[in-house]
Amino acid sequence: DLFVNYIKDKNYLNKSELLHCVSIYPPKSEILQLKFIEELKKKYSLVIGHSDHTLGTIFSLISIALGAEIIEKHFTLDKKLPGWDHKISVDPQELRELCVRAKEIKKSLGNNRKDISQEELDKRLKFRRSLTSAKDLEKGEIITEENLTYKRPGTGIPVNRFYEVLGKKVKNKIEKDKTLNWEDIDIWWH
């Protein structure tokens, strides 16, 4: 709060970002407290980020999933150069990977509502289940729980219509593992 109040008093708030940081090089994962990023986002109307001093890129990526909009990461062209900083820095390949993965994560987060994609709509019937015969059924046989099962695809009688089928008669002989349709069942409203 001290820093945020200071930049607010100096009228720098609209030019500032706030980064969560653990000043150990490199820190152990159990002291990172990355969920604090979510608290910073709730508390301040600032761009929130993560100053990451861990090895590799995984914790930077996790912080993005938690809402970080800025990542500060040390960079080197060669991790074998003298000095402690090079060992904890990302090299060009890791930086490239971090950028690609960060974009993927941002896209995957979506918004705060569940939108059903066209791909999901297209696959919906394939992945849902239908009432299916668990055994051979003879014409006129009464449908019971024991002679029904649920299998993909969802192109037949939906599973949630189970109780409308129980106790009804089969119109014609049905072989085991057949997806049931309303035409197979003696129901007066179909």
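Residues numbered from 1 in each chain as written. Predicted model: local features only at pLDDT ≥ 70, side-chain atom pairs only at ≥ 80, totals over all residues. Heavy atoms only, no water.

Participant: Now, about the packing of helix H3 (residues 58-65) against helix H5 (residues 92-109): what can you tell me, with residues and values included?
Facilitator: Where H3 meets H5, the axes come as close as 9 Å, and the angle between the chain directions of the two elements is 25°. In terms of axis orientation, H3 runs roughly parallel to H5. Regarding H3 and H5, the two cross each other, and that crossing is right-handed. From H3, Ser-60, Leu-61, Ile-64 and Ala-65 reach across to H5, where they touch Leu-98, Arg-101, Ala-102, Ile-105, Lys-106 and Leu-109. Within the contact of H3 with H5, the residues separate by chemical class into 7 nonpolar, 1 polar and 2 charged. (Axes fitted to C-alpha atoms, helices over the stretch in contact; angles between N-to-C directions. Helix = DSSP H or I, 4+ residues; strand = E, 2+ residues; numbered from the N terminus. Parallel < 35°, antiparallel > 145°, perpendicular 65-115°, else oblique. Left-handed = near helix turned anticlockwise from the far one by under 90°. Contact = heavy atoms within 4.5 Å. Nonpolar A, V, L, I, M, F, W, Y, C, P; charged D, E, K, R; others polar.)

Participant: Go over the environment of Val-90, please, and point to the residues and values.
Facilitator: Considering the arrangement of structural elements, one finds Val-90 in the loop between helix H4 (84-88) and H5. Separated by 15 residues in sequence, Val-90 and Phe-75 have C-alpha atoms that sit 4.9 Å apart. If we ignore the near neighbours within four places in the chain, the residues touching Val-90 are Gly-56, Thr-57, Lys-73, His-74, Phe-75, Thr-76, Lys-79 and Leu-95.

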